[in-house]
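# Remarks on the overall topology
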Amino acid sequence: MTSTNAPSRAPRRRLPTALLLVLSILGATLLGALPASAITPTGLGTGHLWNGDRASWLGTYRLPDGRQAFCLEAGKSSPIGNEYVTETGADVFGVSTADHARLAYIARTWAGTSDPNTAAAGQLAVWTITGLNGHDQRYYAGRANDQWPVVLQRANEMLAEATAAASRSVAGTVALDLRDDGTGSVRGDLTVDRVAGGPTRLGPTHRGTITLEGAVFADGRPTATPRNGETLAFRTTATTPVVTVKAKAEFTGLPYGRIMTVGSSAVGSQMILFSGGTSVAAAGRASTESRSPLPFQPRVSTMTSDAVAETGTVLTDQLTLAVEPGDGLLAEWGRYDAGGRWAPVPITVRSTLMGPFAAPVVESAEWPDDAPRVCEVELVITDGPGTYDTPGCELPSGGYYTWVETIDPADTPADAGRDRLRPWRSVFGAATETTLVPWSPTIATEVVGPQQVLTGTCVSDALLVSGMNPAVETFDVESYLVGPFPIEEDLSEGDDVGPLTDLDPTLIAGRVVTTIDGDGRHESPCVSVDEPGTYVFVLTSAGSTPDESGLQVIPAFEDSLVYESEMVSVVAPEVPEVPEEPVTPAVVEPEPQPTPETELAFTGGPDGVRIAGLAAGVVGTGLLLVLIALVAGPLRGRARSPLDPDGLPTVDDGR
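In short, a report on the structure. The model shown is predicted, which means the values in this text are computed figures rather than measured ones.

Here is what the cut-offs are and how they apply
Residues numbered from 1 in each chain as written. Predicted model: local features only at pLDDT ≥ 70, side-chain atom pairs only at ≥ 80, totals over all residues. Heavy atoms only, no water. Phe/Tyr/Trp six-rings, centres within 6.5 Å; stacked < 30°, edge-to-face > 60°. Buried < 20%, exposed > 50% of the residue type's maximum accessible area, 1.4 Å probe, protein only. Helix = DSSP H or I, 4+ residues; strand = E, 2+ residues; numbered from the N terminus. Lys NZ or Arg CZ within 6 Å of the ring centre and 35° of its normal. Pairing = 2+ DSSP bridges. Contact = heavy atoms within 4.5 Å. Axes fitted to C-alpha atoms, helices over the stretch in contact; angles between N-to-C directions. Disulfide = S-S within 2.5 Å.

## Section: the packing of aromatic side chains
- According to the stated counting rule, one finds 7 aromatic pairs in the structure shown.
- Taking 5.8 Å as the distance between ring centres and 80° as the angle between the ring planes, the aromatic pair formed by Tyr-105 and Trp-110 counts as edge-to-face. Considered together, Tyr-105 and Trp-110 belong to a single accessibility category, that of buried residues.
- Between the aromatic rings of Phe-475 and Phe-557, the centroid separation amounts to 6.2 Å while the plane-to-plane angle is 65°, which identifies the pairing as edge-to-face. With Phe-475 in strand 34 (residues 475-485) and Phe-557 in strand 39 (residues 557-559), this residue pair connects regions lying 82 residues apart in the sequence. Phe-557 carries the same exposure label as Phe-475, and that label is buried.
- Seen from the ring of Trp-148, Arg-138 lies directly overhead, with NZ or CZ sitting 3.5 Å from the centre.
- The residue whose ring lies beneath Arg-425 is Trp-367, and the NZ or CZ to ring-centre distance is 3.7 Å.

## Details of the pairing of strand 33 (residues 457-466)
- As paired elements, strand 31 (residues 442-448) and strand 33 share 7 bridges and run antiparallel to each other. Paired with Ile-443 across the two strands is Val-465, which belongs to strand 33.
- Here 3 bridges tie strand 33 to strand 37 (residues 527-529), and the two strands are oriented antiparallel to one another. In the strand pairing of strand 37, Cys-458 is matched with Ser-528.

## Some details on unusual backbone geometry
- Here the bond from Gly-355 into Pro-356 is cis, since omega is 0°, no more than 30 degrees from zero.
- Within the secondary structure, Pro-356 is located in strand 24 (residues 347-357).

## Quick notes on the environment of Ser-565
- Checked against the element boundaries, Ser-565 lands in the loop between strand 39 and strand 40 (567-571).
- For the pair formed by Ser-565 and Thr-445, sequence separation is 120 residues and the distance between their alpha carbons is 6.9 Å.
- Once residues within four sequence positions are removed from consideration, Ser-565 is found in contact with Thr-445, Glu-446, Val-447 and Gln-451.

## Brief notes about the sheet that holds strand 26 (residues 386-389)
- Read from one edge to the other, the open sheet built from 3 strands follows the order 19-21-26, with strand pairing classed as antiparallel. With one partner strand each, in any of the chains shown, strand 19 (297-304) and strand 26 form the two edges of the open sheet. Pairs of neighbouring strands in the sheet enclose a mean axial angle of 25°, with direction left out of account.
- Bridge analysis of strand 21 (residues 317-324) against strand 26 gives 4 bridges, and the strand direction is antiparallel. Residue pairing in the sheet places Leu-321 in a bridge with Gly-386 of strand 26.

## Concerning the sheet that holds strand 11 (residues 209-213)
- The 4 strands are arranged 13-11-15-18 in an open sheet whose pairing can be described as antiparallel. Two strands in the sheet have a free side with no partner beyond their single neighbour: strand 13 (223-224) and strand 18 (282-291).
- Pairing between strand 15 (residues 242-251) and strand 18: 10 bridges, direction antiparallel. By the bridge assignment, Val-242 is partnered in strand 18 with Arg-291.

## Structural notes on the state of the cysteines
- If you walk through the whole model with that rule in mind, you get 2 disulfides.
- One disulfide in the model links Cys-458 with Cys-526; its S-S distance is 2.0 Å. Taking the sign of the S-S torsion, about 90° here, the bridge from Cys-458 to Cys-526 comes out right-handed. Taken together, the positions of Cys-458 in strand 33 and Cys-526 in the loop between strand 36 (520-523) and strand 37 put the pair 68 residues apart, joining distant regions of the chain.

Listed below in structure tokens is the structure:
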């Protein structure tokens, strides 16, 4: 048996009409012969023995396996007892294709009969086609004795029927229709190439078997046994984005085609014709593709480009796309028909960078409505699953930032698979999506107390802290009191004293450490200033203690600029003026006349005259004091006089 396949190209999408793929299997002997085998007719079969010689036979001959055969060559000797080599095929006897088909039809239809008239008529019909050896039909019909009219008529009826019904071949086809909703229909057909009418599709006549791949029938099974021409419904079972359904229809034991078996003997007895040795079959296959009716659920894994960054860093987000499995979902990324090819359904990922937040963010399924936003970016992905980077956003300041993303089917065109795409939304605050930009709190400073003090004063600095990082419990700030600068030196707001580690040690009046434990006012220990001049507080910090990963939430910082609020003018205290003692005027006495002795004692020189004057003044003062004492004595005595009986002082009225 030879198979003939006539496959058609499987379409990439469902066609408006049913897709028809034909694969014809006509039986090996349609185009070639089966291997030869030997057989020996054992005797007469069904028919009539002519009464005229009791030897001439019109009918079939019996074969060892019970089948019956017609003779092909009128006038030759009987085949009984002779060994025959048989050959089966579509062209095993030297007649035209049409006659080969008619002989095959006659053998297939009437060789196995048990009715003598039918068997005799069949033999006469065969010889009519292959040759009557110079005689007419009536001659051979006479071997049926008194039944010859019946046999002759029946033989011609057989020839007419064979001419109308005989066929060159039979082919099976499959009509397969697959719709976008995952349902479809299938039908197995048989087409007979008749000698008289050409290819003819048969109505429901023969029961066959249809087997599906990628789909099942209504009973949930992939096989069914309909008749040819009967349409059955099915539904797809695949979870792939493009559904492929294959169907195979098989029909066996078909009474069509020109296959027959012929035997020939080496002794020259006439060739024999019978049917059998092969099962004439027809089969068809079909395959078609359509977009799966199932939706798909994107699964997105995200990771920010930097877990720790600096202000000004351009931050991106890395997206890894896959498919989330589940009941009723595609196991792969959805596809759509893009001009004859199955392309991945395009999606748009919208990413929002939220922040800055003062405290570490906590993962949540809900997004805070009032969260600050740095920027929103979008990424159109047309190649399906893979790893992609979003456009970037510049980090404006210190704080905590986190990415959030959405996939909305509304961003996908309707004709590009929107109805197969399910939405997706990320959580808020995922650890892999969070970036920390370490920051130092804002510290405003001012001198505690007046900004002009005396030497020896102990001055301190007030640190006004705001924006303390909540992830840090405490950190230290070291204040430098730099100075003294000469009062007359022009030290003003915005000057930079330079890196503190490079300061001239003689300009460091003192260093003190203040521990900061939160926002608010923090006063540093005081520093004593002993020299006059201008001083200014500047500060530095080593930042917060690194965590186990080495991350320093508050980085080291330094502020060496001059601020007027941090300047102190130190002056020395003023020394008070001591007033002079008042001098009592001296009594001027007449200058005594110098005596020769006095002048001799003071040498008589000008100095001597002054000394003499001074001496006279002393003497005069002494006399004045004596006079006062003499007068004061009676007065003190009056003050201490006894009281009269009434408690009043006694008054000496001169009596």
